[in-house]
Amino acid sequence: MALEILPDARALRSGRRERALAQMEAHDLDVLVLGRQANVRYLSGAPQLWVAGTRPFGPICAVVRSTGEIHLNSTWDEGIPDDIPHDHLYGLAWNPMTLIDVLRGIDGAATARRVGTDALTPSFAKLLPMAFPHAELVDGEIAMRAARRIKTPDEVAALHGALRVAEDSLATAVRELHAGTTEQTLTGVMLEAQAAGGVSTPATQDGAWVTSREHPWRRARSGGRIESGDLVAFAAGVLADGYVGEVGRTWPVGDVDASALYDRWNGLWDKLAAACTPGRRASGLLSAYEAAGEPLPPMPVAHGLGLGFDSPVVTPQLRATAAAEILDPGMVLAVTGYVWQDGVGAIFGREAVLVTTEGPEVLTSSPSWSHAGVGIG
Amino acid sequence: MTTFATVDSSAIDIPDLPDLTRMYRESGARLRAAMADNGVDALILLGNGNVVYATGASWPLLDAGLSHVERPVAIVLADDKHPHLFLPFREGASSESRIPADHLHPPLYLEFDEGVEHFARVVADLIPGDATVAVDELTGAMRRAGDRLFPGGAPSDAAPVVGAAKLVKTPDQIACIRRACRITEAAVVEVQKALAPGVRQIDLSAQFVRRAFELGATANMLEAIWQVMPVSKAEGTWTTHGDLALPLLTTERELARGDVLWTDVSITYNGFCSDFGRTWLVGDEPSPRQHAQFHQWRDILDAVLKVTKAGATCGDLARAAIAANGGRKPWLPHFYLGHGIGTNAAEMPMIGTDLGQEFDDNFVFPVGMVLVLEPVVWEDGTGGYRSEEIVVITQDGFVSLTDYPYAPYGA
């Protein structure tokens, strides 16, 4: 963030657009109509207002393959790149028919044969044919997913920036960890630090939690008060310049004999990191848990990082998908290591890993608890 | 439209703290009644705000880019008083006590064909093949598997069904909104105290979010807005309609003496949103012209509130506002005079939008609807005035949920 709202740099924008247009061609899409914030940013390069949670599909951005022209739902031009001229901006609207009229007027709408959308509602499924009378409406998310999957060098640089803010905020929250504080307070400290670092748009807001000594993943206690003997998990996630940076760590409070559990985590992590090698299958990340003798955790073991989540999502519920996904250089993964011990608690750690031709490159470097150190508090 | 008599018509009894079990039960009853009215046998809900409403689940929401993968999903059946809830790790942890164990399920991954294959079996298990189904979103993978997911034919849109249920708030839902407003206001008090020349916009965001979480916010809903208003419309940011831009995003810019800020923040408490907006002045006292802007705004608000009650329409409020503003609309062309609020920060109805006069005149306010009124006034050279006021519609008028002074404007 800076002193004014600026569009994404030209090189970042053009690298992404080339990838997206190539996928439009590969998927035979004449027009893409996008509603998801990550997709809209990927193609437009324009920052948008951050609102938490999902939002219903609406036509926020339209891209015509033959001309490369982009039409964007924005009432103003602040932060809009100069390659999206004023007459390609259309203002906020509450009546879907206003938006359909805009789409209908786009050069290429009347002749489009295949129009992809990144999600859909039953209502827009009925209305969009009015704007694209000769087109078949198909899934466009699969093309966008393919485009987003591999990061350009400029995207990796942007991810570095997001990770730095996430890691700084995690360190700030860890410094405030002591018996008697609460999960809520630690989350507040973390989000405050992110904003002070220039990012008022979190990617995740579940910043800290006491891991349970009785159950592999449930909340330890209501009220969220931190007590001596707790293992406290920290998860920092920010959306900086549109890119998600995530990091996770677990710190003990007071006198906890968790060194054996940290050893287990380290052993697991070695196998997870090794699995992030180009040419391997994403399902290798599931196998890493099995090879380490650790049960699979309640959350996905990995997901792609980019403008939001990217492929793959590695979870036992999607085993065949993970087995079919080959890791390629340029993918960035948030990889989660999670181990639990009855009577002790859980250690949760999340790292960002860039898959390179030389092998996995861990982008996160937040300190972890080690035997040499002592617990906090 | 479904009508309910869940709120006492003369005096709304809003509990200090919501009874979440009663809220869960009454929200479910409203939803099933709206399903019956619309002839819908089963709802499949993917949208965060809709799932919150249907299940009582509440969690610290993720960014939009992550939230369509790690998301709770609900299936609501017309003849079952409990919804089925499919939960990712941690989301909705607090709802578990109210939903029976046999209705709680592992997460779904509806972005992927493999995840939707599994979902098709879930749907076949829970929803009869000839049922009328409504859904609020279709992912690409769901569209590819449409024949198996919806053997009874293309689903209808769940938005109008959930919207009908959401329109009238139960007393416990109003208590949640009010609590969210109190948390917001308590956090904002300290932010406003810190307002001074040299403070960065982003510092206000930092302070707000920390305090809001300490005070019990479940999630931040909106990137906090502290927009510095231009001297004149002509010197402001270019817009499609030539009027003011709003909201412009927060930066690391330092505030200067005399800056007029239009503020806007929102958090959730147990899944229900607050909405806060006031106009502030940095390091200075308002000039007589600036006071006059506030008084004009107050006159417009008073004129609107005078006609605000059950039975009034969106059109009635819009006409009152325009009349009090000398015949001009006192709201920005891309926004509205007011909007509903609930599990989403802006819900139906919207007043004075491109939905049109007929929509406005046909939208009749029921008792228990919650409305955010946000007129704006503008005169070049003053920075204008904008604030937000939340009211609950009663039989004879309204009850205000906003409790925050107008300083440094006003008396």
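Residues numbered from 1 in each chain as written. Chains lettered and ligands numbered in written order. Predicted model: local features only at pLDDT ≥ 70, side-chain atom pairs only at ≥ 80, totals over all residues. Heavy atoms only, no water.

K.L.:
Tell me about the overall build of chain B, and name the residues and values.
P.N.:
The helix and strand inventory of chain B stands at 12 helices and 19 strands. Relative to the compact-globule value of 22 Å for 411 residues, chain B shows a C-alpha radius of gyration of 22 Å, a close match. Seen through its principal axes, chain B has C-alpha atoms that stretch 70 × 45 × 40 Å. Looking at chain B as a whole, 63% of its 411 residues are labelled buried. Of the contacts made within chain B by residues no fewer than 6 positions apart, 69% connect residues no fewer than 24 positions apart. Total accessible area computed for chain B in this model is approximately 14000 Å², and 51% of it derives from carbon and sulfur atoms. (Helix = DSSP H or I, 4+ residues; strand = E, 2+ residues; numbered from the N terminus. Rg over C-alpha atoms; globule rule 2.2 N^0.38 Å. Buried < 20%, exposed > 50% of the residue type's maximum accessible area, 1.4 Å probe, protein only. Contact = heavy atoms within 4.5 Å. Areas by Shrake-Rupley, 256 points an atom, 1.4 Å probe, with all protein chains shown as cover.)

K.L.:
Before we move on, could you go through the environment of Ser67 of chain B and cite the residues and values that matter?
P.N.:
By the element assignment, Ser67 of chain B lies in helix α3 (residues 64-67). Classification of Ser67 of chain B by relative accessible area gives buried; the value is 1%. Remark: the alpha-carbon pair of Ser67 of chain B and Asp80 of chain B, spanning 13 residues in sequence, is separated by 27 Å. Leave out the neighbours within four places in its chain, and Ser67 of chain B touches Gly53 and Thr54 of chain A together with Asn48 and Leu62 of chain B. At 3.2 Å, the side chain of Ser67 of chain B forms a polar contact with the backbone nitrogen of Thr54 of chain A. (Polar contact = N/O pair within 3.5 Å; in protein donor to acceptor, adjacent residues only side chain to side chain.)

K.L.:
Any details on the packing of helix α8 (residues 259-275) of chain A against helix α9 (residues 284-292) of chain A? Residues and values, ideally.
P.N.:
Residue and element names in this part refer to chain A. Closest axis-to-axis distance for the α8/α9 pair is 9 Å, and the angle between their directions is 155°. The orientation of α8 with respect to α9, classified from their angle, is roughly antiparallel. In this structure, α8 crosses over α9, and the sense of that crossing is right-handed. Along the contact surface, α8 presents Leu268, Lys271, Leu272 and Ala275, while α9 presents Gly284, Leu285, Ala288, Tyr289, Ala291 and Ala292. Split by residue class, the contact of α8 with α9 holds eight nonpolar, one polar and one charged. (Axes fitted to C-alpha atoms, helices over the stretch in contact; angles between N-to-C directions. Parallel < 35°, antiparallel > 145°, perpendicular 65-115°, else oblique. Left-handed = near helix turned anticlockwise from the far one by under 90°. Nonpolar A, V, L, I, M, F, W, Y, C, P; charged D, E, K, R; others polar.)

K.L.:
Hey, could you go over the interface of chain B and chain A for me, with residue numbers and the actual values?
P.N.:
In this assembly, 74 residues from chain B lie in contact with 82 residues from chain A. Summed over both partners, the interface of chain B with chain A comes to about 6800 Å²; 59% of that surface belongs to carbon and sulfur atoms. For the pair chain B and chain A, the interface holds five salt bridges. Note that Glu192 of chain A is salt-bridged to Arg210 of chain B, the shortest N-O span being 2.8 Å. Run the count over chain B and chain A and you get 34 residue pairs in polar contact (both at pLDDT 80 or more). Elements represented by at least two residues in the side of chain B that touches chain A include exactly α3, α4 (113-126), α5 (140-144), β6 (156-157), α9 (201-214) and β7 (219-220) of chain B. Per element, the largest residue contribution to the side of chain B that touches chain A is seven residues, and it comes from α9 of chain B. (Buried area = accessible area lost by both parts, 1.4 Å probe. Salt bridge = Lys/Arg side-chain N within 4 Å of Asp/Glu carboxyl O.)

K.L.:
Quick one: what's the story with the sheet that holds β7 of chain B, residue by residue and with numbers?
P.N.:
What holds strands together in a sheet is hydrogen bonding between their backbones, with the strands either parallel or antiparallel. All names here are of chain B. On the basis of which strands lie adjacent, the open sheet formed by three strands has the order β7-β10-β11 and antiparallel pairing. The open sheet terminates on both sides in strands that have one partner only, identified here as β7 and β11 (272-273). Bridge count between strand β10 (residues 267-269) and β11: two bridges; the pairing is antiparallel. Opposite Thr268, over in β11, you have Cys273 as the bridge partner. (Pairing = 2+ DSSP bridges.)

K.L.:
Just give me the short version of the packing of aromatic side chains, but keep the residues and values in it.
P.N.:
Applying the stated criterion across every chain yields a total of 18 aromatic pairs over all chains. Both rings, one in Phe359 of chain B and one in Phe363 of chain B, keep their centres 5.6 Å apart while their planes meet at 45°; by these two values the pair is tilted. The structure contains a cluster of three or more aromatic residues connected by ring pairs, namely Phe294, Trp297, Tyr385, Tyr406 and Tyr409 of chain B. The ring of Tyr42 of chain A has Arg16 of chain A lying over it, and the distance from NZ or CZ to the ring centre is 5.6 Å. (Phe/Tyr/Trp six-rings, centres within 6.5 Å; stacked < 30°, edge-to-face > 60°. Lys NZ or Arg CZ within 6 Å of the ring centre and 35° of its normal.)

K.L.:
Can you explain the sheet that holds strand β9 (residues 260-264) of chain B? Please cite residues and give values.
P.N.:
Residues and elements named next belong to chain B. Read across the open sheet, the three strands follow the order β8-β9-β12; overall the sheet is antiparallel. The open sheet terminates on both sides in strands that have one partner only, identified here as β8 (225-228) and β12 (279-281). Ignoring strand direction, the axes of neighbouring strands in this sheet form an average angle of 30°. With four bridges joining them, β8 and β9 adopt antiparallel strand pairing. Bridging across to β9, Trp226 finds its partner in Thr263.

K.L.:
Let's hear about the packing of helix α3 (residues 96-104) of chain A against helix α4 (residues 122-131) of chain A: which residues, and what values?
P.N.:
Residue and element names in this part refer to chain A. Closest axis-to-axis distance for the α3/α4 pair is 8 Å, and the angle between their directions is 35°. Here α3 runs over α4; the crossing is right-handed. Between α3, through Pro96, Met97, Leu99, Ile100, Leu103 and Arg104, and α4, the contact on the second element is made entirely by Phe124, Leu127, Leu128, Met130 and Ala131. Tallied by class, the residues present in the contact of α3 with α4 amount to 10 nonpolar, no polar and one charged.

K.L.:
Any details on the confidence of the model for chain B? Residues and values, ideally.
P.N.:
Residues and elements named next belong to chain B. Of all residues in chain B, 95% have pLDDT values of 70 or greater, and the mean over the chain is 94. Low confidence marks residues 1-9, where pLDDT is under 50. Its contacts with residues over four positions away, or in another chain, come to 19 contacts. Model confidence for the complex: the whole-complex pTM is 0.96, and ipTM, which rates the interface, is 0.96. (pLDDT = per-residue confidence, 0-100.)

K.L.:
Run through the nonpolar core, naming residues and quoting values.
P.N.:
Among the nonpolar cores identified, the biggest contains 176 residues, and Phe234 and Leu285 of chain A together with Leu43 of chain B are the most heavily contacted of them. Discounting residues that sit within four places of it in the chain, Leu285 of chain A has contacts with Leu272, Ala275, Cys276, Val301, Ala302, Val314, Leu333 and Val335 of chain A. Counting 45 residues, the second-largest nonpolar core is a separate cluster that includes Tyr90 and Ala131 of chain A together with Ala42 and Leu138 of chain B. (Core = buried A, V, L, I, M, F, W, Y, C linked by side-chain atoms within 4.5 Å.)

K.L.:
Account for the pattern of salt bridges, with residues named and values stated.
P.N.:
Counting across every chain of the model gives 50 salt bridges over all chains. Of the charged contacts in the structure, one is a salt bridge between Arg22 of chain B and Asp172 of chain B, with a shortest N-O distance of 2.7 Å. Placement of the pair is Arg22 of chain B in helix α1 (residues 20-37) and Asp172 of chain B in helix α8 (residues 171-194), with a sequence separation of 150 residues. Salt bridges sharing partners connect three or more residues here, namely Arg36, Glu141, Arg145, Arg148, Lys151 and Asp310 of chain A together with Arg71, Glu111 and Glu137 of chain B.

K.L.:
Could you give an account of unusual backbone geometry, with specific residues and numbers?
P.N.:
All names here are of chain B. Here the bond from Met348 into Pro349 is cis, since omega is 0°, no more than 30 degrees from zero. By secondary structure assignment, the location of Pro349 is in strand β14 (residues 347-351). With an omega of 5°, the peptide bond between Ala407 and Pro408 qualifies as cis. Looking at where Pro408 falls in the secondary structure, it is placed in the segment after β19 (398-400).

K.L.:
Describe the side chain of Gln192 of chain B, with residues and values.
P.N.:
Residue position: Gln192 of chain B is located in helix α8. Excluding residues that lie within four positions of it along the chain, Gln192 of chain B makes contacts with Trp280, Tyr404, Ala407 and Pro408 of chain B.

K.L.:
Would you mind going over the environment of Leu99 of chain A in detail, with residue names and values included?
P.N.:
Residue and element names in this part refer to chain A. The topology assignment puts Leu99 in helix α3. Take Leu99: its relative accessible area is 11%, and that puts it in the buried class. Setting aside residues no more than four positions away along its own chain, Leu99 makes contact with Pro59, Asn73, Tyr90, Ala93 and Phe124.

K.L.:
Give me the lowdown on the pairing of strand β1 (residues 42-45) of chain B, citing residues and values where you can.
P.N.:
Residue and element names in this part refer to chain B. Residue alternation in β1 divides its side chains into two sets, Ala42 and Ile44 and Leu43 and Leu45, and both sets are buried. Sheet analysis places β1 next to strand β2 (residues 73-77), joined by four bridges and oriented antiparallel. Residue Ala42 lies in a different strand from β2, and its bridge partner there is Leu77.

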